[in-house]
Amino acid sequence: MANISKSKQFLVRTVLVAGSTVATLIGAQSFALFDQRAQLTPQVAPTVSTQTLLPVQQPTTEILHQAPSIIILRQPQSALPNVRPVVNTPAIIPPNPQISAPAPVIVQQQQQAPATSRSSR
Amino acid sequence: MKALYHFSFRAMGCMVEAQLQTDQDGTALLAALPAQFEALEAQLSRFRSDSDLMKLNARAGQWTFVSEVLYQNIAAAKQAARLTNGLYNPLVLPALIASGYDRSFEKLGEVPSGKVGAIGDWHAIQLRRQTQEVCLPAGSALDLGGIAKGWTAKLVADQLAQYGACLISIGGDIAVRGAPLGETGWNISIADPDRSVPICELTLHDRAVVTSGIDYRRWQTVDGQPRHHIIDPRTGQPAETDVRTVSIVHPHAPTAEAFSKAVLLLGSRLGLEWLNQQWDASGLVVCSDGAILSTSNWLVNMQRNLV
């Protein structure tokens with residue numbers, strides 16, 4: 001009796017597993033056929049109803065204001081002082097020759113001394 | 001209690017200015033600077049025939065052991081060349097000498113014309129970190145005039161920053177660390193080459209501002225040909241440009257120096273457009289026609305516009 005019961009259980013399990021396997025195979029095949037039909041069938045764009053409740057505004061891509069990458073702080077000058085040094089001899093002497101510099105002194109001060117960035121001299 | 005110390009002296013062919021706000025012995029800290037600058041010049045100057053740099057130049061084409069200071073400067077120079085795609089090229093010394101700049105500027109004498117100097121390929125500068133050796137391309141010669149001031153400004157600023165907020169200016173190439181008490185940064189003016197009034201004032205902290213130009217170091221050859229000290233490595237001649245001065249703000253002083261050369265060589269428009277593409281860099285240009293242009297991010301640092 002126990003053996004018959006075990007055999008029955010085994011049979012039931014086998015049927016269940018086999019059945020689900022077959023169902024899976026059939027389902028996969030159906031999806032494959034569906035995909036195949038979809039590729040062959042031309043897609044028809046859905047029509048848009050002309051009865052709209054609100055007017056549709058097309059987005060604009062025109063750039064109205066663009067942050068400039070180069071800023072003009074001062075326009076070209078019409079008259080500039082003559083920056084070329086006057087030459088009387090073949091050699092040009094710099095305006096501030098520093099052959100002998102004053103003795104350096106360390107001082108304490110209340111506020112930062114003015115510092116200026118200029119081309120090296 | 002913190003005190004603000006100020007010290008000016010002459011070194012590297014220009015005025016050096018140091019400001020330090022500290023509660024330590026500021027006088028002693030700043031008094032040590034002239035000797036430090038002298039030691040650096042002994043290694044880096046092309047105007048001293050016995051400098052480490054000139055000894056290296058004499059051995060171009062051969063592997064040569066160099067000092068740590070010289071090694072770092074050459075590495076910085078090669079990096080600057082890389083960042084500017086060769087617009088900054090440290091191998092311009094033969095061209096500089098051929099154009100007449102063969103001695104310290106205040107000692108320039110008669111300058112012959114018509115000479116052109118060859119410029120080596122910076123890619124061919126070889127470095128060996130482990131043995132601290134350098135090999136320059138054969139026949140080439142190195143000049144560190146376009147990087148050494150920025151490198152030194154960074155070195156000294158980092159050194160002094162251990163003791164407090166500081167500003168170091170080497171001929172107008174400025175590096176700052178921190179800010180004076182009660183301030184958001186150090187106030188720095190940008191000189192106008194055409195006027196006694198500055199162009200603008202900046203407030204900077206932990207930044208560098210470097211100005212390069214063709215407005216000061218200029219001379220003529222015996223037959224009246226104008227010359228200046230910014231060599232265009234593409235031609236071997238002094239640069240032909242509409243830029244009179246260019247000022248660059250950047251976190252790294254040597255990079256600011258290299259960028260200033262690149263912008264000057266590219267010209268005002270192309271140069272500023274190129275600068276706009278570089279990370280964390282801003283610039284201002286004074287053109288030969290008197291116009292002043294800047295990158296848009298220059299305005300962030302600008303405290304006052306005086307033009």
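Once a new chain begins, its residue numbering starts again from 1 and follows that chain's sequence as written. Each chain takes a letter, starting from A, and each ligand takes a number, starting from 1, following the order in which they are written. Only residues with pLDDT of at least 70 are given local features in this predicted model, and only at 80 or more are side-chain atom pairs given and counted; all residues enter the totals for whole chains, interfaces and linings. Excluding hydrogens and water, the side-chain values take into account all heavy atoms of the structure.

### Regarding the overall build of chain B
Now for step 1: Counting secondary structure elements, chain B contains eight helices and 18 strands.
Now for step 2: The atom set for the radius of gyration is the C-alpha atoms, and the globule formula is 2.2 Å times the number of residues raised to the power 0.38. The C-alpha radius of gyration of chain B comes to 19 Å, within 12% of the 19 Å expected for a compact globule of 307 residues.
Now for step 3: Counting only C-alpha atoms, chain B reaches 55 × 45 × 35 Å along its principal axes.
Now for step 4: Under the scheme applied here, a residue whose accessible area is under 20% of the maximum for its type counts as buried, over 50% as exposed, and between as partly exposed, the area being computed with a 1.4 Å probe on protein chains only. Taking all 307 residues of chain B together, the buried fraction comes to 61%.
Now for step 5: Counting only contacts in chain B whose residues sit at least 6 apart along the sequence, the fraction spanning at least 24 positions is 62%. Helix numbering and strand numbering both begin at the N terminus, where a helix is a DSSP run of H or I of at least 4 residues and a strand a DSSP run of E of at least 2. Any two residues whose heavy atoms approach within 4.5 Å at even a single point are treated as in contact.

### Thoughts on the pattern of salt bridges
Now for step 1: A side-chain nitrogen of Lys or Arg and a carboxyl oxygen of Asp or Glu constitute a salt bridge if their distance falls within 4 Å. This model, assessed by the stated rule, comprises 13 salt bridges over all chains.
Now for step 2: Residues Glu41(B) and Arg48(B) are paired through a salt bridge, measuring 3.9 Å at the closest nitrogen-oxygen approach.
Now for step 3: For Glu41(B), a relative accessible area of 15% gives the class buried.
Now for step 4: Between Asp192(B) and Arg195(B) there is a salt bridge whose closest N-O contact spans 3.8 Å.
Now for step 5: Residue Asp192(B) is classed as buried on the basis of its relative accessible area of 6%.
Now for step 6: What you see here is one network of salt bridges that share partners, running through Arg74(A), Asp192(B) and Arg195(B).

### Observations concerning the pairing of strand 9 (residues 200-204) of chain B
Within a regular strand, side chains alternate between the sheet's two faces.
Residue and element names in this part refer to chain B.
Now for step 1: Across the five residues that make up strand 9, a large majority, four, are buried.
Now for step 2: Only strands that DSSP links by at least two bridges are regarded as paired with each other. When strand 8 (residues 186-190) meets strand 9, the two strands line up antiparallel, connected through five bridges. Among the inter-strand pairings, Ile 190 is bridged to a residue of strand 9, identified as Cys 200.
Now for step 3: Relative to strand 18 (residues 302-305), strand 9 runs antiparallel, the two being bridged by three bridges. Residue Leu 202 lies in a different strand from strand 18, and its bridge partner there is Met 302.

### Observations concerning the nonpolar core
Residue and element names in this part refer to chain B.
Now for step 1: To qualify as a nonpolar core, a set must consist of buried Ala, Val, Leu, Ile, Met, Phe, Trp, Tyr and Cys residues joined through side-chain atoms within 4.5 Å. In terms of nonpolar packing, the biggest core is built from 48 residues, with Phe 37, Leu 142, Leu 144 and Ile 168 touching the most fellow members.
Now for step 2: When residues of this core are traced back to their parent elements, those giving at least two are strand 1 (3-11), strand 2 (14-22), helix 1 (26-31), helix 2 (33-44), helix 3 (52-58), helix 4 (68-83), helix 6 (148-160) and strand 6 (165-170).
Now for step 3: Of the residues forming this core, the biggest block, eight residues, is contributed by helix 4.
Now for step 4: Beyond its immediate stretch of four places on either side in the chain, Leu 142 contacts Leu 53, Leu 56, Asn 57, Ile 74, Pro 90, Leu 91, Leu 93, Ile 125 and Leu 136.
Now for step 5: Core analysis: the next-biggest nonpolar cluster, separate from the first, contains 23 residues, Val 210, Ile 214, Val 285 and Ala 291 among them.

### Here's the deal with unusual backbone geometry
Most peptide bonds take the trans configuration, and most residues that are not glycine carry a negative phi.
Residues and elements named next belong to chain B.
Now for step 1: For Met 12, which is not a glycine, the phi torsion comes out positive at approximately 55 degrees.
Now for step 2: When you line up the elements, Met 12 lands in the loop between strand 1 and strand 2.
Now for step 3: Judged by its relative accessible area of 14%, Met 12 falls in the buried class.
Now for step 4: You will see that Gln 132, though not glycine, has its phi angle at about 55 degrees, which is positive.
Now for step 5: Along the chain, the position of Gln 132 falls in the loop between strand 4 (126-128) and strand 5 (133-135).
Now for step 6: The exposure class assigned to Gln 132 is buried, which follows from its relative accessible area of 16%.

### Quick look at helix 2 of chain B
All names here are of chain B.
Now for step 1: A helix is expected to span 1.5 Å for every residue after the first. Between its first and last C-alpha atoms helix 2 spans 16 Å; for 12 residues at 1.5 Å apiece the expected length is 16 Å, and the two agree.
Now for step 2: Here helix 2 has its buried residues at Leu 33, Gln 36, Phe 37, Leu 40, Glu 41, Gln 43 and Leu 44. End-on, the buried residues of helix 2 take up no more than an arc of 160 degrees, which puts them together on one face. This arc is built from the directions going out from the helix axis to the C-beta atoms.

### Notes on the confidence of the model for chain A
Now for step 1: Scored from 0 to 100, pLDDT records how confident the predictor is in each individual residue. Here chain A averages 66 in pLDDT, and 41% of its residues register 70 or above.
Now for step 2: Put simply, helix 1 (residues 2-40) of chain A is where chain A has its lowest mean pLDDT, 73, and strand 3 (residues 115-117) of chain A is where it has its highest, 92.

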